[in-house]
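Coordinates in review
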Amino acid sequence: MSQGPTIAEIARAVGVSAPTVSKVINGRADVAEGTRSRIEAALATAGYQRRRATTVGGKSETGLIDLVFHRIGSPWATELINGVLSTAAQHQVSVILTELGGLSVPSDSWVDTALARPPLGALMVSSHLEAHQFERLKRRNVPVVVIDTDGEPPTDVASVGSDNWNGGLLAARHLIGLGHRRIGLVGGPENMLTMRARLDGFRSAHAEAGLAYRPELFRPGNFFVGTGYSAGHDLLTLPASKRPTAIFAGADVQALGVLRAANELGIRVPEDLSIVGYDDVPEATWVSPMLTTVTQKLPAMAMMATELLLDLAAGRKPVTTRINLTTELIVRESTASPA
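All figures in this text were calculated on a predicted structure; none of them were measured in a lab.

About the criteria used
Note on numbering: residues in each chain are counted from 1, in written sequence order. Residue-level local features of this predicted model are given only where pLDDT is at least 70; pairs of side-chain atoms are given and counted only at 80 or more, and the full residue set underlies all totals for whole chains, interfaces and linings. Side-chain descriptors were evaluated using all non-hydrogen atoms of the structure, hydrogens and water having been removed beforehand. Pairing of aromatic rings covers Phe, Tyr and Trp, the last through its six-membered ring, and needs centres within 6.5 Å; plane angles under 30 degrees mean stacked, over 60 mean edge-to-face, and all others mean tilted. Burial here depends on accessible area, computed with a 1.4 Å probe over protein chains only, as a share of the maximum for the residue type. Under 20% is buried, over 50% is exposed, and the range in between is partly exposed. Elements are defined by DSSP. Helices are runs of H or I of four residues or more, strands are runs of E of two residues or more, and each kind is numbered from the N terminus. We call two strands paired when DSSP finds no fewer than two bridges between them. Place the viewer so that the strands point away; then a crossover is right-handed whenever the path from the first strand over the helix to the second strand goes clockwise. Every axis in this analysis is a line fitted to C-alpha atoms, fitted for helices over the stretch in contact. Angles between the N-to-C directions lie between 0 and 180 degrees. One less than the residue count of a helix, multiplied by 1.5 Å, gives the span that helix is expected to have. Throughout, a residue-residue contact means that at least one pair of heavy atoms, one from each residue, lies within 4.5 Å. Definition used for salt bridges: Asp or Glu carboxyl oxygen within 4 Å of a side-chain nitrogen of Lys or Arg. For the purposes of these results, a polar contact is taken to be a pair of N or O atoms within 3.5 Å, where, inside protein, one atom must be able to donate a hydrogen and its partner to accept one; residues adjacent in sequence count only when each atom of the pair is a side-chain atom. Each angle gets one of four labels, with under 35 degrees taken as roughly parallel, over 145 as roughly antiparallel, 65 to 115 as roughly perpendicular, and the rest as oblique. By convention, the crossing between two helices is left-handed when the near helix turns anticlockwise from the far helix through less than a right angle, and right-handed when the turn is clockwise.

What follows covers the packing of aromatic side chains. This structure, assessed with the given rule, holds 4 aromatic pairs. Plain terms: the ring middles of F69 and W76 are 6.0 Å apart, the flat faces sit at 85° to each other, and that makes the pair edge-to-face. As far as burial versus exposure is concerned, F69 and W76 are alike and both buried. Ring geometry for F202 against Y213: centres 6.1 Å apart, planes inclined by 85°, an arrangement best described as edge-to-face. One end of the pair, F202, is in helix α8 (residues 193-208); the other, Y213, is in the loop between α8 and β9 (218-219), with 11 residues separating them in the sequence.

Omega for the peptide link from R117 to P118 comes to -20°, which places this bond in the cis form. Take P118: it is sitting in the loop between α5 (108-116) and β5 (121-125). Here the amide bond leading from S288 into P289 is cis, since omega sits at 0°, within 30 degrees of zero. Secondary-structure assignment places P289 in the loop between β11 (274-279) and β12 (292-295). For D279, which is not glycine, the phi dihedral falls at a positive 125°. Mapped onto the fold, D279 is located in strand β11.

On to the sheet that holds β12, then. With respect to topology, 6 strands assemble into an open sheet ordered β9-β8-β10-β11-β12-β14, the strand pairing being mixed. Both outer strands of the open sheet, β9 and β14 (328-330), are each paired with one neighbouring strand and no more. Pairing of strand β8 (residues 183-186) with β9 involves 2 bridges; the strand directions are parallel. Of the residues in β9, the one forming a bridge with L185 is F218.

Before going further, it helps to spend a moment on the pairing of β5. Counted residue by residue, β5 has 5 buried out of 5 residues, so it is predominantly covered. Residues of β5 alternate between two faces, with G121, L123 and V125 on one and A122 and M124 on the opposite face, all of them buried. Sheet topology places strand β3 (residues 64-69) next to β5; 5 bridges connect them, and they run parallel. Bridge pairing in β5 links F69 to V125. Bridge count between β5 and strand β6 (residues 144-147): 4 bridges; the pairing is parallel. The partner of L123 across the bridge, within β6, is V145. Crossover connection from β5 via helix α6 (residues 131-139) to parallel β6: handedness right-handed.

On to the sheet that holds β3, then. Spatially, the 6 strands line up as an open sheet ordered β4-β3-β5-β6-β7-β13, and their pairing is parallel. Both outer strands of the open sheet, β4 (94-99) and β13 (322-325), are each paired with one neighbouring strand and no more. On average, each strand axis in the sheet is tilted by 15° relative to the strand beside it, whichever way the strands run.

This part takes up α8. Helix length check: α8, at 16 residues, gives a terminal C-alpha distance of 22 Å against a target of 22 Å (1.5 Å per residue), a fit within 8%. For α8, the full list of buried residues reads T194, M195, A197, R198, L199, G201, F202, A205 and H206. Tucked inside the fold, the buried residues of α8 contact α7 (164-177), β8, β9, β10 (246-249) and β11. Of the residues flanking the end of α8, it is G210, one or two places downstream, whose phi is positive at about 75°.

Between side chains of opposite charge, a pair can form when the charged atoms approach closely. With the rule as written, the count across this model stands at 11 salt bridges. For D311, the salt bridge identified is with R316, shortest N-O distance 2.9 Å. Judged by its relative accessible area of 23%, D311 falls in the partly exposed class.

We now examine the side chain of Q254. Mapped onto the elements, Q254 comes out in helix α10 (residues 252-264). At 3.2 Å, the side chain of Q254 and the backbone nitrogen of G250 are in polar contact. Excluding anything up to four places from it in sequence, Q254 contacts V186, G187, N222, F223, F224, V225, T227, G228 and A249.

The subject of this paragraph is α6. Inspection of α6 places Q133, F134, R136, L137 and R139 among the buried residues, and these make up the whole buried set. Among the structural elements, α2 (18-25), α3 (33-46), α5 and β6 are those in contact with the buried residues of α6.

Bringing the environment of S288 into the picture now. By the secondary structure assignment, S288 is in the loop between β11 and β12. The exposed category is assigned to S288, whose relative accessible area is 65%.

For the rest of this paragraph, the subject is the packing of α7 against α8. For the pair α7 and α8, interaxial distance at closest approach is 6 Å and the crossing angle is 40°. When the axis of α7 is compared with that of α8, the two are oblique. Of the two elements, α7 crosses α8, and the hand of that crossing is right-handed. For the pair α7 and α8, contact is made by N164, W165, G168, L169, A172, R173 and I176 and by T194, A197, R198, D200, G201, F202, S204, A205, H206 and E208, respectively.

Fair warning: the whole summary comes from geometry, so function is off the table for now.
Structure (structure tokens):
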């Protein structure tokens, strides 16, 4: 068979129907695992080559990237989306955006829809695939890159993120260096890797300064303005002797919520309260006082992830599949020594 085995020949060898073999080749989920394993083994033994999407000028005929967010609607998401779109446009590739409504894992129906196209690849932002979902995409040669991962990705999954541990360290060091000793922390979900890393860095800064970390001043939530406002109001209405003189927020939009709560309570920033944000979105310089924040270069993160995905889709081997960008502290007007 000079042209390689046909689906019908594979089906006869395994003792199943040709449509069943086709389902496995196309990554469909509605095949029993035992049958799938036998078909996959027969395909490998016969040297069957799965057909990639037809290419024109080296690009998929669909020319699509699937961009999947656990949740959009914040300046942080907008910065990442813009970075992906600008890079995709340079490569004449379109982007399909999916929001998971706060969930960290897409449904199997999303995988079905994606494989029906199929895309050049998938970018997962603060979300991930279950092992069986990743395997389905992998069998169809659809690469996956995770941006700002919500957990430790498998070793064979590419990722682009930033040094969140260093970001938490820099924020706390700055506030401690100004003389603050009661520092509140408004963060994201405690089970999210980025939040755990920022918290570890925050605690490490306290340890190196010989200060005790105050867990009673930590308020987890999500990286949106509402959490910043409610957590900030909660912290700033504590008795004066327990109230933080500074707050580190895990996102700039949370910091804006804290700022609003402070304004409503008549607490001056930075005279009575210092605030440090995270992300360095454009809105950080639109407020008064302008926000001291940790920058994690969101557009660059998105651009690098898109380039990495396109390299993998084209069969090019990148120098590394794990990219961790540096974080820096940008000092503006919202921090000062305690009164």
